[in-house]
Amino acid sequence: MHDLRAIRENPESFDRGLARRGLEPMSPTVLDLDSRRRAAQTQLQEMQARRNEAAKEIGLAKREGRDAQPLMDEMAQLKERLPQVEEEEKALGAELDRMLATIPNLPADDVPEGPDETANVEIRRWGEPKAIADAKQHFELGEALGLMDFEAASRMSGARFTVLKGGLARLERALADFMLDIHTGEHGYTEVAPPLMVRDNALFGTGQLPKFEEDLFRTGTDHYLIPTSEVPLTNLVNDQIVAMEELPYRYTALTPCFRAEAGSAGRDTRGMIRQHQFWKVEMVSITAPDQSEAEHQRMTQCAETILQRLGLPYRVVTLCTGDMGFSARKTYDIEVWLPGQNMYREISSCSNCGDFQARRMKARCRPKGEKQTQFVHTLNGSGVAVGRCLIAVLENYQQPDGSILVPEALRPYMRGLERITA
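Keep in mind it's a predicted model, so treat the numbers as computed, not measured.

**Some words on the overall build of the protein**
Then, in step 1: On a plain count of helices and strands, the protein comes out with 12 helices and 18 strands.
Then, in step 2: The C-alpha radius of gyration computed for the protein amounts to 27 Å, which surpasses the reference 22 Å derived for 422 residues by more than 25%, pointing to a less compact arrangement than a globule.
Then, in step 3: Looking at the 422 residues of the protein, the share that counts as buried comes to 50%.
Then, in step 4: Of all intrachain contacts in the protein linking residues separated by at least 6 positions in sequence, the fraction that spans at least 24 positions is 72%.
Then, in step 5: Summed over all atoms, the accessible surface of the protein reaches about 20,300 Å², with 46% contributed by carbon and sulfur.

Below, the structure written as C-alpha cells:
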C-alpha cells in the first residue's frame with residue numbers, strides 16, 4: 001500500500017517509480033479519487049455540523065414561540081441527504097483503496113531498469129560448476145533409482161506433484177533439518193510452526209490479494225492454503241505496535257507451500273522444478289526503517305551459507321524492475337547451478353519490501369520514549385527451497401553409476417549414509 005500523503009506531495013516521483021516498473025502514470029487518477037473523497041468528507045462534516053446546529057435552533061425557536069417550520073424543513077432535507085453523502089464518501093474511499101491495493105511497490109533507486117529477466121544484473125558467483133560427462137537431469141536420476149515417482153503422484157493428484165521414496169525422501173527431510181539448524185543455531189532466527197491456512201486479510205497484508213488470487217488454493221471454509229510461510233511469519237506483527245528497540249525480529253519456518261501455478265502452462269512440466277506443493281524453509285525479518293538495507297544483505301548471505309556448506313555453485317543477481325515481485329522494492333535472486341540443465345536456476349529470492357507490506361498490515365514500531373509510531377520494514381527470503389535444493393544435490397553429486405553422493409554436511413542428518421543407490 002502506498003502513502004497517499006507522499007503521492008499528494010510528489011506525484012511526479014510516484015509516476016516515475018511506476019514508469020520504471022513499465023506502468024502508466026497513476027497519480028492523476030489516484031489524486032482525483034482522493035480529492036473527490038475528501039470533498040465528500042468535508043461536505044459530510046459540514047452537513048453533520050449544520051444538523052446539530054439546526055437542532056439547537058429549533059429548540060430555541062420553540063422556546064421563544066417563533067416559527068420553527070423552516071428549520072424543521074431544513075432538518076428533514078439534511079436527514080434525507082446525509083445517507084446519500086455518506087454512501088458516496090464510502091464508495092469513493094472503497095474505490096481508492098481498491099486502486100491502491102493493486103499498485104505494486106516502487107523500486108529502490110539502485111534497482112536496474114529493464115522489462116524482464118534478461119535485464120537482471122549478476123553481482124557475484126561462488127563455486128565452480130563441475131564438469132560432469134553426460135550429466136542427467138534430476139528426474140532422470142530419480143526415476144532410474146526408483147525413488148522418484150511422477151506417475152503414482154499423477155494418478156492420485158494430477159500434474160505437478162511428486163512422490164519421493166527411500167533415500168530421496170530421507171534426503172529431503174535431511175536438507176530441511178540442516179537448513180533450520182543453521183538458521184536457528186548460527187543466524188539467530190527463531191523457529192516458528194505457523195498455520196498452513198490463513199484468511200484473506202493475511203494474504204492482503206503480504207500482497208498476494210487481491211491481485212494474485214488465481215495463484216492460490218482456496219478451501220471451502222474461507223481460508224487459503226499458504227503459498228509460502230512468508231505470509232504467516234510476516235503477519236505475526238499484523239496490526240501491532242512493537243518497541244523499536246526490540247527490532248529486528250527474525251523468524252524461520254519449514255512448511256509445505258501450495259501454488260496453483262496459474263499461467264505457467266508448458267513451463268517446467270517435467271520434474272520437480274515447478275510444483276503445486278513443495279517444502280521451503282523461509283526467512284522473515286521485521287526491522288526498523290533504517291535497518292532494512294543492511295538486513296537485506298545479511299539475509300541474502302544467510303541463504304548463500306546453505307549452498308556453500310553443501311558445495312553447490314551459485315550466482316547472485318539483482319532483479320530488474322520488470323522482474324521483481326509485487327511487494328518488493330529490491331530483490332536478490334540466488335541461482336544454483338544445475339548440470340543436467342547446464343544453467344543456473346533460482347533457488348532463493350530475498351526481498352526488501354520496505355514499509356509496503358507494513359502499511360497493508362498496519363504494522364508499526366515506536367521509538368522508546370516517543371508517542372509517534374513508524375511503519376516497520378519487512379523482508380523475506382527462501383532459506384532455501386527444499387525441493388530445488390534436492391534437485392541441485394542430485395544433479396551436482398550424480399555419479400557415473402547413477403548413484404548420488406551425499407554431501408558431507410548432510411551425512412549426520414542421513415545417519416551416516418554416504419551414497420544413495422537403487
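**Some thoughts on the UniProt feature "coiled-coil region" (unreviewed entry) in the protein**
Then, in step 1: UniProt records the feature "coiled-coil region" (unreviewed entry) at residues 30–95, using the numbering of this structure.
Then, in step 2: Split by type, residues 30–95 is 92% helix and 0% strand. Its first and last C-alpha atoms lie 10 Å apart.

**Re the side chain of S27**
Then, in step 1: When you line up the elements, S27 lands in helix 3 (residues 27–63).
Then, in step 2: Among the polar contacts listed, one links the side chain of S27 to the side chain of D15, at a separation of 2.5 Å.
Then, in step 3: Leaving out residues up to four positions away in the same chain, S27 has contacts with I7, P11, F14 and D15.

**Looking at the pattern of salt bridges**
Then, in step 1: Within this structure, the stated rule accounts for 27 salt bridges.
Then, in step 2: Taking the shortest distance from any N to any O, the salt bridge between R315 and E122 comes out at 3.1 Å. Of this pair, R315 sits in strand 11 (residues 314–318) while E122 sits in strand 1 (residues 121–126), placing them 193 residues apart in sequence.
Then, in step 3: The partly exposed category is assigned to E122, whose relative accessible area is 33%.
Then, in step 4: The partner of D239 in a salt bridge is R364, and the shortest N-O contact between them spans 4.0 Å.

What counts and what doesn't
- Residues numbered from 1 in each chain as written.
- Predicted model: local features only at pLDDT ≥ 70, side-chain atom pairs only at ≥ 80, totals over all residues.
- Heavy atoms only, no water.
- Helix = DSSP H or I, 4+ residues; strand = E, 2+ residues; numbered from the N terminus.
- Rg over C-alpha atoms; globule rule 2.2 N^0.38 Å.
- Buried < 20%, exposed > 50% of the residue type's maximum accessible area, 1.4 Å probe, protein only.
- Contact = heavy atoms within 4.5 Å.
- Areas by Shrake-Rupley, 256 points an atom, 1.4 Å probe, with all protein chains shown as cover.
- UniProt positions renumbered as here; feature names shortened; annotations may be inferred.
- Polar contact = N/O pair within 3.5 Å; in protein donor to acceptor, adjacent residues only side chain to side chain.
- Salt bridge = Lys/Arg side-chain N within 4 Å of Asp/Glu carboxyl O.

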